[in-house]
Amino acid sequence: MDLYQHFATDEQKETEGAWVPLSVTAKIKVARMNNPRYRDCVKRLSAPYRVGGLEEVDIPDDVWKQITREAVAETILTDWAGVTKDGAPLPYSKAEALALLTARKDFYGLVVMASQNMDHYRVKAQAQLEKN
């Protein structure tokens, strides 16, 4: 097994997102968790809670949960297609993404799990998909 090929990932997709199907008609575009944009966003959103420039801070759980949801909405869930609300198409926006990630904990969990799945970003897996 060539580990260099097996574990090769598309860094652009890791940052900009890869399309992940939700159903026959709906899909989400998800960047890889902990990419540089995500880390910078978390750092920016948590800055008000750092005293004296300290990196380690004690942020209350509810605040940390909100920071991570905002960071996911801003940098991880980058687009969607085929998503509806009350039967009408729901255009993607960061505000709508945050609202949905906040209102539906299972959707948030799905987005996080998808962002951690290396297969969505693997060069080899993408080449196989394009071949089929």
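In case you missed it, the structure is sitting above this.
Residues numbered from 1 in each chain as written. Predicted model: local features only at pLDDT ≥ 70, side-chain atom pairs only at ≥ 80, totals over all residues. Heavy atoms only, no water.

Caption draft 1: Seen up close, the sheet that holds strand E1 (residues 18–21). Spatially, three strands are ordered E1-E2-E3 in an open sheet, and the strand pairing comes out antiparallel. A strand with exactly one partner marks an edge of an open sheet, and here the two such strands are E1 and strand E3 (77–81). Between one strand and the next, the sheet's axes are offset by a mean angle of 25 degrees, whatever the strand orientation. Here four bridges tie E1 to strand E2 (residues 27–30), and the two strands are oriented antiparallel to one another. What sits directly across from tryptophan 19, in E2, is lysine 29. Each of E1, E2 and E3 is contacted by helix H6 (residues 105–115), which is oriented at about 55 degrees to E2, the strand it contacts most. (Pairing = 2+ DSSP bridges. Helix = DSSP H or I, 4+ residues; strand = E, 2+ residues; numbered from the N terminus. Axes fitted to C-alpha atoms, helices over the stretch in contact; angles between N-to-C directions. Contact = heavy atoms within 4.5 Å.)

Caption draft 2: Highlighting the packing of aromatic side chains. What the rule picks out here adds up to one aromatic pair. Look at tryptophan 80 and tyrosine 92: their rings are 5.2 Å apart centre to centre, the planes differ by 85 degrees, and that puts the pair in the edge-to-face class. Here the residue tryptophan 80 occupies a position in strand E3, and tyrosine 92 occupies one in the loop between strand E5 (88–89) and helix H5 (94–103), the gap between them amounting to twelve residues. Since its relative accessible area comes to 6%, tryptophan 80 is described here as buried. Of note, arginine 69 hangs over the ring of tyrosine 108, and the distance from its end group to the ring centre comes to 4.0 Å. (Phe/Tyr/Trp six-rings, centres within 6.5 Å; stacked < 30°, edge-to-face > 60°. Buried < 20%, exposed > 50% of the residue type's maximum accessible area, 1.4 Å probe, protein only. Lys NZ or Arg CZ within 6 Å of the ring centre and 35° of its normal.)

Caption draft 3: Structural context of the pairing of E1. Side chains Ala18 and Val20 project from E1 onto a buried face, and the interleaved Trp19 and Pro21 project onto a face without burial. Counted along the chain from E1 to the antiparallel partner E2, the turn is five residues long.

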